[in-house]
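Chain by chain, the residues:
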There are 2 protein chains.
Amino acid sequence: MSTTQTYTVTGMTCGHCVASVTEEVEEISGVEKIDIVLETGSLTITSSEPVDDAAVKTAVEEAGYQLA
Amino acid sequence: MSTTQTYTVTGMTCGHCVASVTEEVEEISGVEKIDIVLETGSLTITSSEPVDDAAVKTAVEEAGYQLA
């Protein structure tokens, strides 16, 4: 059983930005899959159990971006 | 005695892009200093002797960008 949560990340402009966000978010415990669409900023996280919004916010900010 | 050459790079959108171009260009023999202005795409290379335009083109392309 997996959970999917979707967020919007602002400030990503290229594939390097996507890689940075992916790197940080995949460190969150339980995360199984990350899909980011650069054009829209959408970040979809699939995890074994729901991840904490605050942990996602922290990860995105550590990468240098913001949640919308 | 140093030489300064200026080019315009297209396609850089963020600091990661600047870092990628810097990494490749600094491998060119004789390069002493690199200045990149993200907003304009300007790439200024200071070197001990003139660098070959073709080497700059190759380096920029290896980073994933183009010379204008």
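For clarity, every value in this text was computed on a predicted model and none was experimentally measured.

Parameters at a glance
- Residues numbered from 1 in each chain as written.
- Chains lettered and ligands numbered in written order.
- Predicted model: local features only at pLDDT ≥ 70, side-chain atom pairs only at ≥ 80, totals over all residues.
- Heavy atoms only, no water.
- Least-squares fit on C-alpha atoms with pLDDT ≥ 70 in both.
- Contact = heavy atoms within 4.5 Å.
- Pairing = 2+ DSSP bridges.
- Helix = DSSP H or I, 4+ residues; strand = E, 2+ residues; numbered from the N terminus.
- Axes fitted to C-alpha atoms, helices over the stretch in contact; angles between N-to-C directions.
- Salt bridge = Lys/Arg side-chain N within 4 Å of Asp/Glu carboxyl O.
- Buried < 20%, exposed > 50% of the residue type's maximum accessible area, 1.4 Å probe, protein only.
- Core = buried A, V, L, I, M, F, W, Y, C linked by side-chain atoms within 4.5 Å.

Student: For the relation of the copies chain A and chain B, give the residues involved together with the corresponding values.
Tutor: Overlay of chain A on chain B (RMSD 0.0 Å): rotation 180°, translation along the axis 0.0 Å. Here the copies are linked by what is in effect a two-fold axis. Comparing contact sets, 100% of the residues at the interface of chain A also lie at the interface in chain B, consistent with an isologous, same-surface contact.

Student: A description of the pairing of strand 2 (residues 31-37) of chain B should follow, citing residues and the corresponding values.
Tutor: Each regular strand carries side chains that alternate between the two faces of the sheet. Residues and elements named next belong to chain B. In the sheet, strand 2 pairs with strand 3 (residues 42-47) via six bridges, with the strands oriented antiparallel. Residue pairing in the sheet places I36 in a bridge with L43 of strand 3. The antiparallel pairing of strand 2 with strand 3 creates a hairpin that spans four residues between the two strands, and G41 there sits at a positive phi of about 80°.

Student: Give me the sheet that holds strand 1 (residues 3-10) of chain B: which residues, what numbers.
Tutor: Residue and element names in this part refer to chain B. With antiparallel pairing, the four strands of this open sheet are ordered in space as 2-3-1-4. Of all the strands in the sheet, just strand 2 and strand 4 (66-67) have a single pairing partner and so form its edges. Where strand 1 and strand 3 come together, six bridges link them in antiparallel fashion. Among the inter-strand pairings, Y7 is bridged to a residue of strand 3, identified as L43. Relative to strand 2, helix 1 (residues 15-25) is tilted by about 160°, and along the sheet it contacts strand 2 and strand 3.

Student: Please set out the pattern of salt bridges residue by residue, giving values where relevant.
Tutor: Tallying each qualifying case throughout the model produces four salt bridges over all chains. A salt bridge links A:D35 to A:K33; the shortest N-O distance between them is 3.0 Å.

Student: An account of the pairing of strand 3 of chain B is needed here, citing residue identities and associated values.
Tutor: When you tally the buried positions in strand 3 of chain B, you get six out of six residues, the bulk of the element. Residues of strand 3 of chain B alternate between two faces, with B:S42, B:T44 and B:T46 on one and B:L43, B:I45 and B:S47 on the opposite face, all of them buried.

Student: Now, about the side chain of B:T44: what can you tell me, with residues and values included?
Tutor: Residues and elements named next belong to chain B. Among the secondary structure elements, T44 is positioned in strand 3. Judged by relative accessible area, which is 18%, T44 ranks as buried. Contacts of T44, omitting those with residues within four sequence positions, involve T4, Q5, T6, K33, I34 and D35.

Student: Quick one: what's the story with the nonpolar core, residue by residue and with numbers?
Tutor: Judged by nonpolar contacts, the single largest core of 40 residues is most densely connected at A:V25, A:L43, B:V25 and B:L43. Setting aside its immediate chain neighbours within four residues, B:V25 contacts B:V31, B:I34, B:L43, B:I45, B:A59 and B:V60.

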